[in-house]
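# Topology and contacts: notes
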Amino acid sequence: MTGSGVQGWHVTLFVTAAITLIATIEWLINAPPWKRPSLTGHGLDPRQARGYVMTKRLRAALLVLLALVAVVIVPVGMLGPTLADQLAGVTAVPLGGITLILAYLSYRESREMSALLRNSADRPPP
Amino acid sequence: MGELYSRRSFLAGTLTAGLLSSAAGYVFTRRDPVTLTLATGAEPTGGGRNLLINMWNELNPDIRIAVREIPSSTQDQFAKFTETKADIYNLDAIHIPRFAAEKRIEPIAPRNDTLLLPSVRRICQVEGETERLWAVPFNSDAGMLFRRVTDKKTADRLPDFRAVGLAPGFTGQLETIGAQTDEAFVVNVLEQALAQDDAILDPEGVLSYGLGQWKTALAPLADALRSDRINAQTGEDDTIRAFQNGNLTYMRNWPVWFPGVDRAERARPDTVEIRLSPLPAGILGGQNLAIDRETPHREQAERVIHFLTDTPAQKLLAGYGFAPTGLDAYIDSEVQRNVPYLRVVRDAVEDARPRPIHPGYATFAQRFKDHTYAYLHRGEELTQRFITDIREALQ
(Lines give C-alpha, C1' and ligand atoms only; values in the text may rest on other atoms or scores of the structure.)
Protein backbone atom coordinates (compact mmCIF):
# COMPACT_ATOMS: atom_id res chain seq x y z
CA MET A 1 0.00 0.00 0.00
CA THR A 2 2.80 2.41 -0.67
CA GLY A 3 3.70 4.47 -3.69
CA SER A 4 6.72 2.26 -4.51
CA GLY A 5 4.51 -0.78 -5.03
CA VAL A 6 6.39 -2.93 -2.48
CA GLN A 7 4.34 -5.94 -1.42
CA GLY A 8 4.86 -8.55 1.32
CA TRP A 9 6.40 -11.18 -0.93
CA HIS A 10 9.03 -8.67 -2.11
CA VAL A 11 10.13 -8.04 1.47
CA THR A 12 10.82 -11.70 2.29
CA LEU A 13 12.74 -12.07 -0.96
CA PHE A 14 14.89 -9.01 -0.32
CA VAL A 15 15.61 -10.07 3.28
CA THR A 16 16.54 -13.58 2.11
CA ALA A 17 18.86 -12.10 -0.51
CA ALA A 18 20.57 -9.88 2.06
CA ILE A 19 21.14 -12.74 4.54
CA THR A 20 22.28 -15.09 1.79
CA LEU A 21 24.70 -12.55 0.39
CA ILE A 22 26.32 -11.92 3.78
CA ALA A 23 26.51 -15.64 4.63
CA THR A 24 27.95 -16.50 1.21
CA ILE A 25 30.66 -13.87 1.45
CA GLU A 26 31.58 -15.07 4.92
CA TRP A 27 31.62 -18.69 3.67
CA LEU A 28 33.81 -17.90 0.69
CA ILE A 29 36.30 -15.98 2.85
CA ASN A 30 36.57 -18.36 5.82
CA ALA A 31 35.84 -21.80 4.42
CA PRO A 32 35.71 -21.87 0.65
CA PRO A 33 34.25 -25.10 -0.68
CA TRP A 34 37.30 -25.74 -2.88
CA LYS A 35 39.46 -25.93 0.27
CA ARG A 36 37.23 -28.28 2.24
CA PRO A 37 39.00 -31.21 3.96
CA SER A 38 38.94 -34.55 2.24
CA LEU A 39 36.17 -36.88 3.29
CA THR A 40 38.56 -39.82 3.35
CA GLY A 41 40.36 -38.76 6.48
CA HIS A 42 37.34 -38.84 8.75
CA GLY A 43 37.05 -42.53 9.40
CA LEU A 44 33.46 -42.91 8.34
CA ASP A 45 31.43 -45.64 9.87
CA PRO A 46 29.96 -47.36 6.76
CA ARG A 47 26.50 -47.67 8.36
CA GLN A 48 26.41 -43.97 9.28
CA ALA A 49 27.85 -43.03 5.90
CA ARG A 50 25.07 -44.83 4.00
CA GLY A 51 22.45 -42.80 5.82
CA TYR A 52 24.49 -39.71 5.20
CA VAL A 53 24.58 -40.38 1.44
CA MET A 54 20.81 -40.68 1.40
CA THR A 55 20.44 -37.41 3.28
CA LYS A 56 22.77 -35.70 0.84
CA ARG A 57 20.80 -36.95 -2.15
CA LEU A 58 17.51 -35.90 -0.64
CA ARG A 59 18.96 -32.50 0.19
CA ALA A 60 20.27 -32.09 -3.37
CA ALA A 61 16.84 -32.94 -4.79
CA LEU A 62 15.06 -30.50 -2.49
CA LEU A 63 17.53 -27.76 -3.33
CA VAL A 64 16.90 -28.33 -7.05
CA LEU A 65 13.18 -27.92 -6.42
CA LEU A 66 13.88 -24.73 -4.48
CA ALA A 67 16.01 -23.44 -7.34
CA LEU A 68 13.03 -24.04 -9.64
CA VAL A 69 10.93 -21.78 -7.39
CA ALA A 70 13.57 -19.07 -7.84
CA VAL A 71 13.55 -19.69 -11.58
CA VAL A 72 9.78 -19.12 -11.65
CA ILE A 73 10.09 -15.93 -9.59
CA VAL A 74 12.59 -14.41 -12.07
CA PRO A 75 10.23 -13.94 -15.07
CA VAL A 76 7.20 -13.26 -12.87
CA GLY A 77 9.07 -10.46 -11.15
CA MET A 78 10.67 -9.12 -14.32
CA LEU A 79 7.27 -8.85 -16.03
CA GLY A 80 5.66 -7.08 -13.04
CA PRO A 81 4.52 -3.50 -13.48
CA THR A 82 6.35 -1.89 -10.57
CA LEU A 83 10.01 -1.26 -9.84
CA ALA A 84 9.73 -3.51 -6.76
CA ASP A 85 8.55 -6.38 -8.98
CA GLN A 86 11.51 -5.95 -11.31
CA LEU A 87 13.98 -5.75 -8.42
CA ALA A 88 12.47 -8.95 -7.00
CA GLY A 89 13.02 -10.61 -10.41
CA VAL A 90 16.66 -9.53 -10.46
CA THR A 91 17.16 -10.59 -6.82
CA ALA A 92 15.84 -14.07 -7.53
CA VAL A 93 18.64 -14.71 -10.11
CA PRO A 94 21.55 -14.95 -7.60
CA LEU A 95 19.30 -16.72 -5.10
CA GLY A 96 18.50 -19.38 -7.69
CA GLY A 97 22.18 -19.56 -8.62
CA ILE A 98 23.32 -20.07 -5.02
CA THR A 99 20.63 -22.68 -4.48
CA LEU A 100 21.83 -24.58 -7.55
CA ILE A 101 25.44 -24.42 -6.36
CA LEU A 102 24.40 -25.83 -2.98
CA ALA A 103 22.43 -28.54 -4.74
CA TYR A 104 25.44 -29.38 -6.86
CA LEU A 105 27.75 -29.54 -3.82
CA SER A 106 25.37 -31.89 -2.04
CA TYR A 107 25.10 -34.06 -5.12
CA ARG A 108 28.88 -34.17 -5.57
CA GLU A 109 29.43 -35.13 -1.97
CA SER A 110 26.87 -37.87 -2.13
CA ARG A 111 28.69 -39.31 -5.17
CA GLU A 112 32.06 -39.04 -3.52
CA MET A 113 30.81 -40.73 -0.38
CA SER A 114 29.19 -43.49 -2.40
CA ALA A 115 32.50 -44.06 -4.17
CA LEU A 116 34.30 -44.06 -0.82
CA LEU A 117 31.90 -46.63 0.58
CA ARG A 118 32.32 -48.85 -2.46
CA ASN A 119 36.12 -48.67 -2.15
CA SER A 120 36.06 -49.50 1.56
CA ALA A 121 33.75 -52.47 0.87
CA ASP A 122 36.11 -53.80 -1.89
CA ARG A 123 39.19 -53.54 0.34
CA PRO A 124 39.90 -56.71 2.33
CA PRO A 125 39.91 -56.20 6.10
CA PRO A 126 43.41 -55.79 7.58
CA MET B 1 30.37 -34.10 10.40
CA GLY B 2 27.83 -31.45 11.13
CA GLU B 3 30.35 -28.70 11.72
CA LEU B 4 31.90 -29.14 8.29
CA TYR B 5 28.72 -28.12 6.55
CA SER B 6 27.13 -25.75 9.07
CA ARG B 7 27.50 -22.71 6.80
CA ARG B 8 25.86 -24.49 3.92
CA SER B 9 23.10 -25.74 6.17
CA PHE B 10 22.48 -22.22 7.31
CA LEU B 11 22.41 -20.97 3.72
CA ALA B 12 20.14 -23.79 2.64
CA GLY B 13 17.80 -23.04 5.55
CA THR B 14 17.74 -19.33 4.75
CA LEU B 15 17.02 -19.98 1.09
CA THR B 16 14.33 -22.51 1.90
CA ALA B 17 12.54 -20.21 4.32
CA GLY B 18 12.95 -17.11 2.13
CA LEU B 19 12.02 -18.57 -1.23
CA LEU B 20 9.10 -20.61 0.07
CA SER B 21 7.65 -17.71 2.04
CA SER B 22 8.07 -15.41 -0.96
CA ALA B 23 6.36 -17.93 -3.22
CA ALA B 24 3.53 -18.38 -0.72
CA GLY B 25 3.27 -14.60 -0.27
CA TYR B 26 3.06 -14.16 -4.02
CA VAL B 27 0.33 -16.76 -4.38
CA PHE B 28 -1.79 -15.61 -1.43
CA THR B 29 -1.21 -11.87 -1.10
CA ARG B 30 -0.16 -10.62 -4.51
CA ARG B 31 -2.24 -7.66 -5.76
CA ASP B 32 -2.25 -6.99 -9.45
CA PRO B 33 -2.63 -3.27 -10.17
CA VAL B 34 -6.04 -2.47 -11.60
CA THR B 35 -7.32 0.70 -13.25
CA LEU B 36 -11.07 1.15 -12.92
CA THR B 37 -12.85 3.41 -15.38
CA LEU B 38 -15.48 5.66 -13.84
CA ALA B 39 -17.93 7.02 -16.40
CA THR B 40 -19.44 10.26 -15.19
CA GLY B 41 -20.96 13.52 -16.26
CA ALA B 42 -19.23 16.86 -15.77
CA GLU B 43 -18.08 17.99 -12.31
CA PRO B 44 -20.13 21.10 -11.48
CA THR B 45 -18.50 22.21 -8.25
CA GLY B 46 -14.89 22.66 -9.15
CA GLY B 47 -13.34 19.69 -7.50
CA GLY B 48 -15.21 18.01 -4.62
CA ARG B 49 -15.55 14.66 -6.29
CA ASN B 50 -12.22 14.89 -8.05
CA LEU B 51 -10.54 15.53 -4.72
CA LEU B 52 -12.00 12.31 -3.33
CA ILE B 53 -10.90 10.37 -6.39
CA ASN B 54 -7.38 11.79 -6.14
CA MET B 55 -7.26 10.83 -2.48
CA TRP B 56 -8.23 7.26 -3.34
CA ASN B 57 -5.60 7.07 -6.08
CA GLU B 58 -2.90 8.33 -3.71
CA LEU B 59 -3.85 5.84 -1.02
CA ASN B 60 -4.40 2.87 -3.34
CA PRO B 61 -1.77 2.68 -6.08
CA ASP B 62 -2.91 -0.88 -6.85
CA ILE B 63 -6.50 0.14 -7.62
CA ARG B 64 -6.56 3.38 -9.53
CA ILE B 65 -9.63 5.23 -10.75
CA ALA B 66 -9.55 6.74 -14.24
CA VAL B 67 -12.35 9.25 -14.70
CA ARG B 68 -14.02 9.38 -18.09
CA GLU B 69 -16.22 12.42 -18.46
CA ILE B 70 -19.08 11.82 -20.86
CA PRO B 71 -21.32 14.80 -21.61
CA SER B 72 -24.85 13.51 -22.02
CA SER B 73 -28.51 14.39 -21.67
CA THR B 74 -31.49 12.46 -20.31
CA GLN B 75 -32.20 11.13 -23.78
CA ASP B 76 -28.75 9.80 -24.58
CA GLN B 77 -27.07 9.07 -21.23
CA PHE B 78 -27.93 5.37 -21.40
CA ALA B 79 -26.56 5.01 -24.94
CA LYS B 80 -23.45 7.08 -24.30
CA PHE B 81 -22.58 5.43 -21.01
CA THR B 82 -23.14 1.89 -22.24
CA GLU B 83 -21.07 2.35 -25.37
CA THR B 84 -18.19 3.33 -23.09
CA LYS B 85 -16.30 0.52 -21.43
CA ALA B 86 -16.49 1.36 -17.74
CA ASP B 87 -16.35 -0.47 -14.44
CA ILE B 88 -18.33 2.11 -12.47
CA TYR B 89 -21.10 4.45 -13.65
CA ASN B 90 -22.00 7.68 -11.93
CA LEU B 91 -25.69 7.73 -12.80
CA ASP B 92 -28.35 10.38 -12.45
CA ALA B 93 -31.12 8.91 -10.31
CA ILE B 94 -33.53 8.79 -13.26
CA HIS B 95 -31.34 6.35 -15.20
CA ILE B 96 -31.01 3.62 -12.58
CA PRO B 97 -34.23 1.75 -13.52
CA ARG B 98 -33.22 1.52 -17.18
CA PHE B 99 -29.67 0.39 -16.44
CA ALA B 100 -31.13 -2.25 -14.08
CA ALA B 101 -33.81 -3.35 -16.56
CA GLU B 102 -31.27 -3.72 -19.37
CA LYS B 103 -28.98 -5.68 -17.02
CA ARG B 104 -26.10 -3.26 -17.31
CA ILE B 105 -25.58 -2.89 -13.56
CA GLU B 106 -25.67 -5.19 -10.55
CA PRO B 107 -27.17 -4.68 -7.09
CA ILE B 108 -24.75 -3.44 -4.46
CA ALA B 109 -24.96 -3.03 -0.69
CA PRO B 110 -23.88 0.36 0.65
CA ARG B 111 -21.70 0.46 3.75
CA ASN B 112 -23.89 3.05 5.49
CA ASP B 113 -27.24 1.60 4.43
CA THR B 114 -29.09 2.17 7.69
CA LEU B 115 -28.13 5.85 7.74
CA LEU B 116 -29.28 6.72 4.22
CA LEU B 117 -32.21 9.11 4.08
CA PRO B 118 -35.30 7.09 3.01
CA SER B 119 -36.00 9.30 -0.01
CA VAL B 120 -32.40 8.95 -1.21
CA ARG B 121 -32.44 5.19 -0.69
CA ARG B 122 -35.69 4.80 -2.58
CA ILE B 123 -34.36 6.21 -5.86
CA CYS B 124 -31.62 3.57 -5.95
CA GLN B 125 -34.23 0.84 -6.06
CA VAL B 126 -36.42 -0.25 -8.91
CA GLU B 127 -40.18 -0.50 -9.11
CA GLY B 128 -41.63 -3.23 -6.94
CA GLU B 129 -38.45 -3.80 -4.91
CA THR B 130 -37.85 -2.60 -1.39
CA GLU B 131 -34.61 -4.32 -0.42
CA ARG B 132 -31.94 -4.29 -3.10
CA LEU B 133 -30.11 -1.15 -4.14
CA TRP B 134 -28.81 -0.95 -7.69
CA ALA B 135 -26.48 1.93 -6.97
CA VAL B 136 -25.05 3.68 -3.93
CA PRO B 137 -25.94 7.36 -3.54
CA PHE B 138 -22.88 9.54 -4.18
CA ASN B 139 -24.57 12.84 -3.51
CA SER B 140 -28.15 13.94 -3.19
CA ASP B 141 -29.92 17.02 -4.51
CA ALA B 142 -33.30 18.69 -4.30
CA GLY B 143 -34.70 21.75 -6.02
CA MET B 144 -34.52 24.75 -3.66
CA LEU B 145 -35.28 28.45 -3.59
CA PHE B 146 -32.36 30.90 -3.44
CA ARG B 147 -33.18 34.36 -2.20
CA ARG B 148 -31.16 37.53 -2.12
CA VAL B 149 -31.18 39.37 1.21
CA THR B 150 -30.21 43.01 0.86
CA ASP B 151 -30.95 44.22 4.36
CA LYS B 152 -30.48 42.00 7.37
CA LYS B 153 -32.30 44.45 9.62
CA THR B 154 -35.66 43.83 7.97
CA ALA B 155 -37.44 40.66 8.96
CA ASP B 156 -36.72 37.86 6.51
CA ARG B 157 -39.84 35.76 6.43
CA LEU B 158 -39.71 32.39 4.71
CA PRO B 159 -41.04 33.07 1.21
CA ASP B 160 -44.03 31.21 -0.20
CA PHE B 161 -42.90 29.61 -3.45
CA ARG B 162 -46.48 29.58 -4.73
CA ALA B 163 -46.35 33.36 -4.73
CA VAL B 164 -42.72 34.32 -5.36
CA GLY B 165 -42.19 31.56 -7.94
CA LEU B 166 -44.77 33.22 -10.18
CA ALA B 167 -43.89 36.83 -9.49
CA PRO B 168 -41.41 39.31 -10.99
CA GLY B 169 -37.92 38.88 -9.59
CA PHE B 170 -37.99 35.08 -9.93
CA THR B 171 -35.90 33.03 -12.31
CA GLY B 172 -35.87 29.31 -12.96
CA GLN B 173 -35.11 26.78 -15.68
CA LEU B 174 -38.42 27.19 -17.43
CA GLU B 175 -37.07 27.54 -20.97
CA THR B 176 -35.28 24.92 -23.05
CA ILE B 177 -33.35 24.96 -26.26
CA GLY B 178 -32.39 21.33 -26.69
CA ALA B 179 -31.67 17.96 -25.17
CA GLN B 180 -29.09 19.38 -22.73
CA THR B 181 -31.61 21.67 -21.05
CA ASP B 182 -34.81 19.63 -21.42
CA GLU B 183 -34.41 17.79 -18.12
CA ALA B 184 -34.02 21.00 -16.12
CA PHE B 185 -37.22 22.27 -17.77
CA VAL B 186 -39.12 19.07 -16.88
CA VAL B 187 -37.95 19.26 -13.27
CA ASN B 188 -38.93 22.93 -12.92
CA VAL B 189 -42.36 22.34 -14.42
CA LEU B 190 -42.93 19.39 -12.05
CA GLU B 191 -41.93 21.54 -9.08
CA GLN B 192 -44.25 24.36 -10.11
CA ALA B 193 -47.07 21.85 -10.55
CA LEU B 194 -46.33 20.33 -7.13
CA ALA B 195 -46.45 23.78 -5.56
CA GLN B 196 -50.03 24.08 -6.79
CA ASP B 197 -51.13 20.49 -6.26
CA ASP B 198 -49.21 18.28 -3.85
CA ALA B 199 -50.91 15.13 -5.16
CA ILE B 200 -49.75 15.46 -8.75
CA LEU B 201 -46.60 13.43 -8.02
CA ASP B 202 -46.55 11.26 -4.91
CA PRO B 203 -43.54 10.39 -2.68
CA GLU B 204 -43.10 7.12 -4.61
CA GLY B 205 -42.75 8.99 -7.90
CA VAL B 206 -46.20 8.03 -9.15
CA LEU B 207 -47.79 10.67 -11.37
CA SER B 208 -51.39 11.73 -11.51
CA TYR B 209 -53.10 10.97 -14.83
CA GLY B 210 -55.94 13.42 -14.32
CA LEU B 211 -56.00 15.94 -17.19
CA GLY B 212 -58.02 18.44 -15.20
CA GLN B 213 -55.59 18.19 -12.32
CA TRP B 214 -52.65 18.98 -14.62
CA LYS B 215 -54.44 21.87 -16.27
CA THR B 216 -55.24 23.41 -12.89
CA ALA B 217 -51.70 22.86 -11.57
CA LEU B 218 -50.00 24.37 -14.60
CA ALA B 219 -52.36 27.27 -15.34
CA PRO B 220 -50.68 29.77 -12.94
CA LEU B 221 -47.27 29.01 -14.43
CA ALA B 222 -48.60 29.33 -17.98
CA ASP B 223 -50.01 32.72 -17.09
CA ALA B 224 -46.73 33.89 -15.51
CA LEU B 225 -44.68 32.74 -18.49
CA ARG B 226 -46.93 34.07 -21.21
CA SER B 227 -47.15 37.45 -19.52
CA ASP B 228 -43.35 37.52 -19.01
CA ARG B 229 -43.75 38.05 -15.29
CA ILE B 230 -40.99 35.60 -14.46
CA ASN B 231 -37.56 35.18 -15.96
CA ALA B 232 -37.41 31.82 -17.79
CA GLN B 233 -33.91 30.55 -18.45
CA THR B 234 -32.32 27.48 -20.05
CA GLY B 235 -30.28 25.33 -17.70
CA GLU B 236 -28.70 26.03 -14.33
CA ASP B 237 -25.76 28.13 -15.57
CA ASP B 238 -27.93 30.59 -17.48
CA THR B 239 -30.28 30.87 -14.52
CA ILE B 240 -27.41 31.80 -12.21
CA ARG B 241 -26.19 34.41 -14.71
CA ALA B 242 -29.67 35.90 -14.96
CA PHE B 243 -29.99 35.96 -11.16
CA GLN B 244 -26.65 37.69 -10.77
CA ASN B 245 -26.77 40.06 -13.73
CA GLY B 246 -30.42 40.99 -13.28
CA ASN B 247 -30.05 41.40 -9.52
CA LEU B 248 -33.12 39.20 -9.15
CA THR B 249 -34.54 38.29 -5.75
CA TYR B 250 -35.45 34.63 -6.17
CA MET B 251 -33.99 31.75 -8.09
CA ARG B 252 -34.86 28.06 -8.29
CA ASN B 253 -31.72 25.94 -8.43
CA TRP B 254 -29.91 22.97 -6.87
CA PRO B 255 -28.12 23.52 -3.54
CA VAL B 256 -24.88 22.25 -5.05
CA TRP B 257 -24.57 25.68 -6.69
CA PHE B 258 -25.02 27.57 -3.44
CA PRO B 259 -21.36 28.01 -2.38
CA GLY B 260 -20.42 29.49 -5.77
CA VAL B 261 -23.45 31.79 -5.97
CA ASP B 262 -23.06 32.91 -2.37
CA ARG B 263 -19.33 33.62 -2.77
CA ALA B 264 -19.89 35.75 -5.87
CA GLU B 265 -22.78 37.67 -4.35
CA ARG B 266 -20.98 38.48 -1.12
CA ALA B 267 -18.46 40.50 -3.09
CA ARG B 268 -21.24 42.85 -4.26
CA PRO B 269 -21.97 45.94 -2.18
CA ASP B 270 -25.75 45.71 -2.55
CA THR B 271 -26.10 42.09 -1.41
CA VAL B 272 -25.73 41.07 2.18
CA GLU B 273 -26.44 37.38 1.89
CA ILE B 274 -27.93 34.60 -0.19
CA ARG B 275 -30.23 32.27 1.68
CA LEU B 276 -31.78 28.94 0.84
CA SER B 277 -35.26 27.68 1.58
CA PRO B 278 -37.07 24.49 0.59
CA LEU B 279 -39.76 24.41 -2.06
CA PRO B 280 -43.16 23.02 -0.99
CA ALA B 281 -41.92 19.83 -2.65
CA GLY B 282 -38.77 19.92 -4.71
CA ILE B 283 -37.73 17.26 -7.17
CA LEU B 284 -35.14 14.82 -5.88
CA GLY B 285 -31.92 14.65 -7.86
CA GLY B 286 -28.46 13.33 -7.19
CA GLN B 287 -25.82 11.04 -8.59
CA ASN B 288 -25.34 7.41 -7.72
CA LEU B 289 -22.50 4.97 -8.25
CA ALA B 290 -23.28 1.64 -9.87
CA ILE B 291 -21.13 -1.33 -10.87
CA ASP B 292 -21.06 -2.50 -14.47
CA ARG B 293 -22.39 -6.05 -14.66
CA GLU B 294 -19.54 -7.22 -16.84
CA THR B 295 -16.64 -5.68 -14.98
CA PRO B 296 -13.92 -8.22 -14.17
CA HIS B 297 -13.07 -6.14 -11.09
CA ARG B 298 -16.28 -6.21 -9.10
CA GLU B 299 -14.61 -6.54 -5.69
CA GLN B 300 -12.29 -3.60 -6.33
CA ALA B 301 -15.14 -1.50 -7.76
CA GLU B 302 -17.17 -2.17 -4.64
CA ARG B 303 -14.29 -1.02 -2.43
CA VAL B 304 -13.98 2.17 -4.46
CA ILE B 305 -17.71 2.87 -4.24
CA HIS B 306 -17.73 2.31 -0.48
CA PHE B 307 -14.85 4.76 -0.08
CA LEU B 308 -16.48 7.41 -2.27
CA THR B 309 -19.89 7.14 -0.61
CA ASP B 310 -19.09 6.48 3.04
CA THR B 311 -19.60 9.02 5.83
CA PRO B 312 -16.18 10.74 5.64
CA ALA B 313 -16.66 11.27 1.90
CA GLN B 314 -20.16 12.67 2.50
CA LYS B 315 -18.79 15.14 5.02
CA LEU B 316 -16.12 16.27 2.60
CA LEU B 317 -18.59 16.66 -0.27
CA ALA B 318 -20.94 18.66 1.95
CA GLY B 319 -18.24 21.34 2.14
CA TYR B 320 -18.41 21.62 -1.64
CA GLY B 321 -22.16 22.14 -1.60
CA PHE B 322 -23.27 18.58 -2.32
CA ALA B 323 -26.28 17.49 -0.32
CA PRO B 324 -25.23 14.49 1.80
CA THR B 325 -27.07 11.21 1.38
CA GLY B 326 -26.92 9.96 4.96
CA LEU B 327 -28.11 11.17 8.33
CA ASP B 328 -24.66 10.91 9.93
CA ALA B 329 -23.28 13.73 7.78
CA TYR B 330 -26.30 15.96 8.46
CA ILE B 331 -26.02 15.63 12.25
CA ASP B 332 -22.24 16.01 12.38
CA SER B 333 -21.49 19.16 14.39
CA GLU B 334 -18.38 20.03 12.38
CA VAL B 335 -20.22 19.77 9.07
CA GLN B 336 -23.05 21.84 10.50
CA ARG B 337 -20.57 24.54 11.50
CA ASN B 338 -19.01 24.60 8.03
CA VAL B 339 -22.32 24.38 6.18
CA PRO B 340 -24.79 26.49 8.16
CA TYR B 341 -27.65 25.88 5.72
CA LEU B 342 -27.37 22.08 6.07
CA ARG B 343 -30.56 21.72 8.10
CA VAL B 344 -32.60 23.40 5.33
CA VAL B 345 -31.04 21.14 2.72
CA ARG B 346 -31.90 18.08 4.77
CA ASP B 347 -35.52 19.19 5.01
CA ALA B 348 -35.60 19.77 1.27
CA VAL B 349 -34.11 16.35 0.47
CA GLU B 350 -36.39 14.53 2.91
CA ASP B 351 -39.51 16.18 1.51
CA ALA B 352 -38.47 16.00 -2.14
CA ARG B 353 -40.32 13.81 -4.62
CA PRO B 354 -38.59 11.44 -7.00
CA ARG B 355 -39.36 11.62 -10.67
CA PRO B 356 -41.14 8.51 -12.00
CA ILE B 357 -38.92 5.50 -11.22
CA HIS B 358 -39.27 3.64 -14.50
CA PRO B 359 -37.03 2.32 -17.32
CA GLY B 360 -39.08 4.42 -19.75
CA TYR B 361 -38.28 7.68 -17.98
CA ALA B 362 -36.35 9.18 -20.92
CA THR B 363 -39.36 8.69 -23.22
CA PHE B 364 -41.67 10.08 -20.57
CA ALA B 365 -39.46 13.16 -20.11
CA GLN B 366 -39.38 13.82 -23.85
CA ARG B 367 -43.17 13.60 -24.19
CA PHE B 368 -43.80 15.56 -21.00
CA LYS B 369 -41.50 18.32 -22.19
CA ASP B 370 -43.08 18.44 -25.69
CA HIS B 371 -46.63 18.76 -24.38
CA THR B 372 -45.97 21.13 -21.47
CA TYR B 373 -43.63 23.36 -23.46
CA ALA B 374 -46.26 23.77 -26.17
CA TYR B 375 -48.84 24.56 -23.51
CA LEU B 376 -46.74 26.92 -21.38
CA HIS B 377 -44.95 28.84 -24.10
CA ARG B 378 -47.09 28.55 -27.21
CA GLY B 379 -50.49 28.45 -25.57
CA GLU B 380 -51.50 25.09 -27.08
CA GLU B 381 -54.09 23.36 -24.94
CA LEU B 382 -53.22 20.30 -22.90
CA THR B 383 -55.37 17.47 -24.22
CA GLN B 384 -56.04 13.87 -23.34
CA ARG B 385 -53.20 13.07 -25.73
CA PHE B 386 -50.80 14.43 -23.09
CA ILE B 387 -52.08 11.95 -20.51
CA THR B 388 -52.09 9.06 -22.99
CA ASP B 389 -48.51 9.78 -24.06
CA ILE B 390 -46.98 10.02 -20.60
CA ARG B 391 -48.94 7.04 -19.32
CA GLU B 392 -47.81 4.95 -22.29
CA ALA B 393 -44.15 5.84 -21.63
CA LEU B 394 -44.41 4.69 -18.04
CA GLN B 395 -46.21 1.41 -18.66
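Residues numbered from 1 in each chain as written. Chains lettered and ligands numbered in written order. Predicted model: local features only at pLDDT ≥ 70, side-chain atom pairs only at ≥ 80, totals over all residues.

For chain B, the name recorded in an unreviewed UniProt entry is Multiple sugar transport system substrate-binding protein, with Actinoplanes xinjiangensis as its organism.

Turning to the overall build of chain A, a few remarks are in order. Within chain A one finds three helices and zero strands. Listing each helix as α and each strand as β along chain A from the N terminus yields α-α-α. Per-residue burial for chain A yields a buried fraction of 24% across its 126 residues. The long-range share in chain A, meaning contacts at least 24 apart out of those at least 6 apart in sequence, stands at 79%. (Helix = DSSP H or I, 4+ residues; strand = E, 2+ residues; numbered from the N terminus. Buried ≥ 20, exposed ≤ 12 C-beta atoms within 10 Å, placed from the backbone. Contact = placed C-beta atoms within 7 Å.)

Looking now at the overall build of chain B. A count of helical and extended segments in chain B gives 17 helices and 11 strands. Here chain B holds 395 residues, and the buried ones make up 45% of them. Expressed as a percentage of contacts within chain B between residues at least 6 apart in sequence, the contacts between residues at least 24 apart total 75%.

Summing up the model confidence of chain A, the mean pLDDT is 79 and the portion of residues at 70 or higher is 79%. Confidence, read as mean pLDDT per element, is least for helix α2 (residues 46-79) of chain A in chain A (83) and greatest for helix α1 (residues 8-30) of chain A (87). (pLDDT = per-residue confidence, 0-100.)

As a further point, take the environment of Gly 165 of chain B. Residue and element names in this part refer to chain B. Structurally, Gly 165 is set in the loop between α6 (161-164) and β7 (170-175). Along the sequence, Gly 165 and Val 206 sit 41 residues apart, while their C-alpha atoms lie 24 Å from each other. Setting aside anything within four residues of it in sequence, one finds Gly 165 in contact with Phe 170, Gln 192, Ala 195 and Arg 252.

Our next topic: the domain arrangement of chain B. Residues and elements named next belong to chain B. Domain annotation for chain B reports domain 1 (34-141 + 285-351) and domain 2 (144-282 + 360-393). Computed over C-alpha atoms, the centres of domain 1 and domain 2 are 25 Å apart. Taken together, the contact pairs 22 residues of domain 1 with 20 residues of domain 2. Of all elements in the fold, only α4 (96-101) and α15 (342-351) reach the threshold of two or more residues within the side of domain 1 that touches domain 2. (Domains from an automatic or database assignment.)

Residues and elements named next belong to chain B. Spatial ordering of the open sheet is given by β8-β7-β9-β6-β10, a layout of five strands whose pairing is mixed. Lying at the two open borders of the sheet, with one neighbouring strand each, are β8 (231-234) and β10 (273-278). Going across the sheet, the axis of each strand differs from the next one's by a mean of 35°, ignoring polarity. In terms of strand pairing, strand β6 (residues 144-149) meets β10 through six bridges, oriented antiparallel. Paired with Arg 148 across the two strands is Ile 274, which belongs to β10. (Pairing = 2+ DSSP bridges. Axes fitted to C-alpha atoms, helices over the stretch in contact; angles between N-to-C directions.)

With that settled, the discussion passes to the packing of α1 of chain A against helix α1 (residues 6-29) of chain B. Interhelical geometry of α1 of chain A versus α1 of chain B gives an angle of 165° and a closest axis separation of 8 Å. In terms of orientation, α1 of chain A and α1 of chain B fall into the roughly antiparallel class. Two packed elements cross with a definite hand, and for α1 of chain A against α1 of chain B that hand is left-handed. Counting all contacts with α1 of chain A, which are made through Gly 8, Trp 9, Thr 12, Leu 13, Val 15, Thr 16, Ile 19, Thr 20, Ala 23, Thr 24 and Trp 27 of chain A, the residues of α1 of chain B involved are Arg 7, Phe 10, Leu 11, Thr 14, Leu 15, Gly 18, Leu 19, Ser 21, Ser 22, Gly 25, Tyr 26 and Thr 29 of chain B. (Parallel < 35°, antiparallel > 145°, perpendicular 65-115°, else oblique. Left-handed = near helix turned anticlockwise from the far one by under 90°.)

Each side of the interface is counted separately: chain B has 22 residues, and chain A has 28 residues. When its residues are assigned to classes, the side of chain B that touches chain A shows 11 nonpolar, seven polar and four charged. (Nonpolar A, V, L, I, M, F, W, Y, C, P; charged D, E, K, R; others polar.)

The next point concerns the packing of helix α7 (residues 179-196) of chain B against helix α16 (residues 361-378) of chain B. All names here are of chain B. Packing of α7 against α16 leaves a shortest axis separation of 10 Å and a crossing angle of 70°. Relative to α16, the element α7 lies roughly perpendicular. Taken as a pair, α7 and α16 cross one another with a handedness that is left-handed. Contact residues: Asp 182, Glu 183, Phe 185, Val 186 and Val 189 in α7; Ala 365, Phe 368, Lys 369, Thr 372 and Tyr 373 in α16.

This paragraph deals with the environment of Ala 17 of chain A. Summarising the element assignment, Ala 17 of chain A is placed in helix α1. Along the sequence, Ala 17 of chain A and Arg 118 of chain A sit 101 residues apart, while their C-alpha atoms lie 39 Å from each other.

Turning our attention to α15 of chain B. For α15 of chain B, the set of buried residues is Leu 342, Val 345, Arg 346, Ala 348 and Val 349 of chain B. Summarising the axial view, the buried residues of α15 of chain B lie within an arc of 165°, below the 170-degree limit, and thus occupy one face. (Arc of directions from axis to C-beta.)

All names here are of chain B. One non-glycine residue with positive phi stands out, namely Lys 103, at about 55°. Counting through the fold element by element, Lys 103 comes out in the loop between α4 and β4 (105-106). Here Asn 247, not a glycine, exhibits a phi torsion of approximately 50°, which is positive. The residue Asn 247 is located in the loop between α9 (235-245) and β9 (250-253) in this model. Residue classification places Asn 247 among the partly exposed residues on the basis of 14 C-beta atoms within 10 Å.

In this section: the pairing of β9 of chain B. Residues and elements named next belong to chain B. Alternating positions in β9 separate into two faces, Tyr 250 and Arg 252 on one and Met 251 and Asn 253 on the other, with burial throughout. The pairing of β6 with β9 spans four bridges and is antiparallel. Residue pairing in the sheet places Arg 147 in a bridge with Tyr 250 of β9. In this sheet, β9 lies alongside β7 in parallel orientation, the contact comprising two bridges. The residue of β9 that forms the bridge with Phe 170 is Tyr 250.

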